Amino acid sequence: MSDAAIFAISLGVTLVGLVISYGVARRRGVATGVRGAALSLVPVGAAMTGVTEFLVDLAFSPVKWAGVGVMGLAVVLYLTSGAMLSRRAGAAGGGRKAAGAGDAAAGRGGGGSGGKRAAAGKAPKGEVGGAQGADPEMAEIEQILRNRGIS
């Protein structure tokens, strides 16, 4: 399609939209009419910037539609692989996330059985904060929450 034809169609759509916006402004209020006018100006703005020509070329080009299909397939495959990896990470002993979380918890807990308990999400019975070097204020807050049944 030529640029003149695209611009003429866009101008026509804009003029129709502005007339409808004027009627809406009289019936429903100025705010609704201004919103309609803003939306009515979009086709002319798109034609002036060249967006309309791009969209017309996209709509009538089988090669570009094939490209859109390939991109869609890429997105579906990427999302599927993410779901597969998260399912594997959730399984016992599988995935990088589970291994990384265990290493980080063992490093915080000081190693030994305390680190394994911290990785499981449970604090040892004798320790208030779950780690021996924890902030005493945080330990006090955790104790108050535990006494009130909030932990």
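In this text the structure is predicted, and so the values were computed from the model without any measurement.

*Asks:* Where do I start with a nonpolar patch on the surface in this structure?
*Replies:* Residues F7, L11, L15, L18, L41 and M48 make up a contiguous nonpolar surface patch of about 550 Å² in total accessible area. Ranked by residues supplied to the nonpolar patch, first place goes to helix α1 (residues 3-28) with four residues. One can find L11 in helix α1.

*Asks:* I'm lost on the pattern of salt bridges in this one. Help?
*Replies:* Opposite charge on two side chains allows them to pair when their charged atoms are near. This structure, assessed with the given rule, holds one salt bridge. The salt bridge partner of E142 is R146, with a shortest N-O separation of 3.8 Å. Of this pair, E142 and R146 both sit in helix α8 (residues 136-147), four residues apart, roughly one helical turn. Judged by relative accessible area, E142 falls into the partly exposed class, the value being 28%.

*Asks:* What am I meant to see in the packing of helix α4 (residues 51-59) against helix α5 (residues 62-90) here?
*Replies:* For any two helices packed against each other, the geometry comes down to the angle between their axes and how far apart the axes lie. Viewed as axis vectors pointing N to C, α4 and α5 meet at an angle of 90 degrees, and their least axial separation amounts to 6 Å. As far as their axial angle goes, α5 and α4 are roughly perpendicular. Facing α4, whose interface residues are D57, L58 and A59, α5 presents K64, W65 and V68. Here the contact of α4 with α5 is composed, by residue class, of four nonpolar, no polar and two charged.

*Asks:* Would you take a moment to explain α1 for this structure?
*Replies:* Since there are 3.6 residues in each turn of an α-helix, residues three or four apart along the chain are aligned in direction. Look at α1: 36 Å from first C-alpha to last across 26 residues, which is about the 38 Å you get at 1.5 Å a residue. Residues of α1 that are buried sit in contact with α2 (30-40), α3 (42-49) and α4. Where α1 ends, the next residue or the one after it, G29, has phi of about 120 degrees, a positive value.

*Asks:* Teacher, can you tell me more about the packing of α1 against α3 here?
*Replies:* Interaxial distance between α1 and α3 falls to 7 Å at its minimum, and their mutual angle equals 160 degrees. Put simply, α1 runs roughly antiparallel to α3. With respect to the hand of their crossing, α1 and α3 are arranged in left-handed fashion. Within the contact between the two elements, α1 uses I6, F7, S10, L11, V13 and T14 and α3 uses P43, V44, A47 and M48. Each residue belonging to the contact of α1 with α3 can be placed in one class, and the counts come to eight nonpolar, two polar and no charged.

*Asks:* Explain the side chain of T14 here, please?
*Replies:* Inspection of the secondary structure assignment puts T14 in helix α1. At a separation of 3.0 Å, a polar atom in the side chain of T14 contacts the main-chain carbonyl oxygen of S40.

Analysis parameters
- Residues numbered from 1 in each chain as written.
- Predicted model: local features only at pLDDT ≥ 70, side-chain atom pairs only at ≥ 80, totals over all residues.
- Heavy atoms only, no water.
- Patch = residues over 30% accessible without salt bridge, like charges linked within 9 Å, V, L, I, M, F, W, Y side chains within 5 Å.
- Areas by Shrake-Rupley, 256 points an atom, 1.4 Å probe, with all protein chains shown as cover.
- Salt bridge = Lys/Arg side-chain N within 4 Å of Asp/Glu carboxyl O.
- Helix = DSSP H or I, 4+ residues; strand = E, 2+ residues; numbered from the N terminus.
- Buried < 20%, exposed > 50% of the residue type's maximum accessible area, 1.4 Å probe, protein only.
- Axes fitted to C-alpha atoms, helices over the stretch in contact; angles between N-to-C directions.
- Parallel < 35°, antiparallel > 145°, perpendicular 65-115°, else oblique.
- Contact = heavy atoms within 4.5 Å.
- Nonpolar A, V, L, I, M, F, W, Y, C, P; charged D, E, K, R; others polar.
- Expected span 1.5 Å × (residues − 1).
- Left-handed = near helix turned anticlockwise from the far one by under 90°.
- Polar contact = N/O pair within 3.5 Å; in protein donor to acceptor, adjacent residues only side chain to side chain.

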